[in-house]
Amino acid sequence: MREISTKKRQGFTLIEVLVVVALLGIMSLAIYPSINNTLETRNLENSAREILTSLQTAKFQAVKEKLFHRVRFFMQDNLWMYTVERRIDATTWERVPGLVFKTVPAQFNFTLNLPSDMLTFSPMGMVVDFDPTMNSITLQSTKLYQKNKPDLRIVSIFAGGSVRYEEAETGG
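Attention in this report is confined to the structure presented alongside it. This one's a predicted model, so the numbers in the text were calculated from it and none came from an experiment.

**What about the environment of Thr83?**
For step 1, the next point in the chain: One can find Thr83 in strand 2 (residues 79–87).
For step 2, the next point in the chain: For Thr83, a relative accessible area of 2% corresponds to the buried category.
For step 3, the next point in the chain: Separated by 19 residues in sequence, Thr83 and Lys102 have C-alpha atoms that sit 6.3 Å apart.

Here it is, written out as structure tokens:
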């Protein structure tokens, strides 16, 4: 008598694999815009919060060291950059050791609404030459604007040296 072999089938058929790959492709196409918006939002928020942190660092260092400190903004290679500096004497400023130059990502529109290209803190932590009509730094994402999402991140500066971070929408 002959034995009948009853091998179990192992693995997947080509059709099963293709169906799963197609479903994964459709799902990834559906969630890609959401992931893209999330990444853009996070990059915008991180960039604004880095500016906020630099301003707070300058104020803290001014009070701690009892020296004038400033955050200086400047253009280099078509990019906005900024750094924290301290005043050594009446005319000399130096970059604070341990702090690096930071760059505002080129993908964002950067608006510096300050009396000059720098924001200076006194040894008491107050903003020098404060102007209540010129006291903000704004970053805007055109990608978020086109999708009607909150596209602005605004860092506002107050005379006492405090800073505020807020999210807004163009026209809103």
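**Some remarks on the environment of Asn148**
For step 1, the next point in the chain: Tracing the chain through its elements places Asn148 in the loop between helix 2 (142–146) and strand 8 (152–157).
For step 2, the next point in the chain: On the basis of relative accessibility, which here comes to 61%, the residue Asn148 falls in the exposed class.
For step 3, the next point in the chain: Taking the C-alpha atoms as reference, Asn148 lies 49 Å from Asp89; in sequence the two are 59 residues apart.

**Here we look at the packing of aromatic side chains**
For step 1, the next point in the chain: Within the structure shown, the criterion is met by four aromatic pairs.
For step 2, the next point in the chain: Judged by centre distance (5.8 Å) and plane angle (90°), the ring pair of Phe74 and Phe101 falls under edge-to-face. Taken as a pair, Phe74 in strand 1 (residues 69–76) and Phe101 in the loop between strand 3 (93–95) and strand 4 (102–103) lie far apart in primary sequence, 27 residues in all.
For step 3, the next point in the chain: The structure contains a cluster of three or more aromatic residues connected by ring pairs, namely Phe73, Trp80, Tyr82 and Phe110.
For step 4, the next point in the chain: Stacked on the ring of Tyr165, the Lys or Arg Arg49 has its end atom at 4.1 Å from the ring centre.
For step 5, the next point in the chain: One Lys or Arg, Arg70, reaches over the ring of Trp93 and ends 4.1 Å from the middle of that ring.

Definitions and limits used
- Each chain carries its own residue numbering, running from 1 in the written order of its sequence.
- Given that the model is predicted, a residue must reach a pLDDT of at least 70 before its local features are reported, and side-chain atom pairs must reach 80 or more before they are shown or counted; all residues, however, enter totals for whole chains, interfaces and linings.
- The side-chain numbers reported here are obtained from all heavy atoms of the structure, hydrogens and water having been left aside.
- Secondary structure counts use DSSP, requiring at least four H or I residues in a row for a helix and at least two E residues in a row for a strand, with both numbered from the N terminus.
- Whether a residue is buried, partly exposed or exposed follows from its accessible area with a 1.4 Å probe, protein chains only, as a fraction of its type maximum: under 20%, in between, or over 50%, in that order.
- By convention, a stacked pair of Phe, Tyr or Trp rings (six-membered ring in the case of Trp) has centres within 6.5 Å and planes under 30 degrees apart, an edge-to-face pair has planes over 60 apart, and any other such pair is tilted.
- Only lysine NZ and arginine CZ atoms are considered, and such an atom sits over a ring when it is within 6 Å of the ring centre and within 35 degrees of the ring normal.

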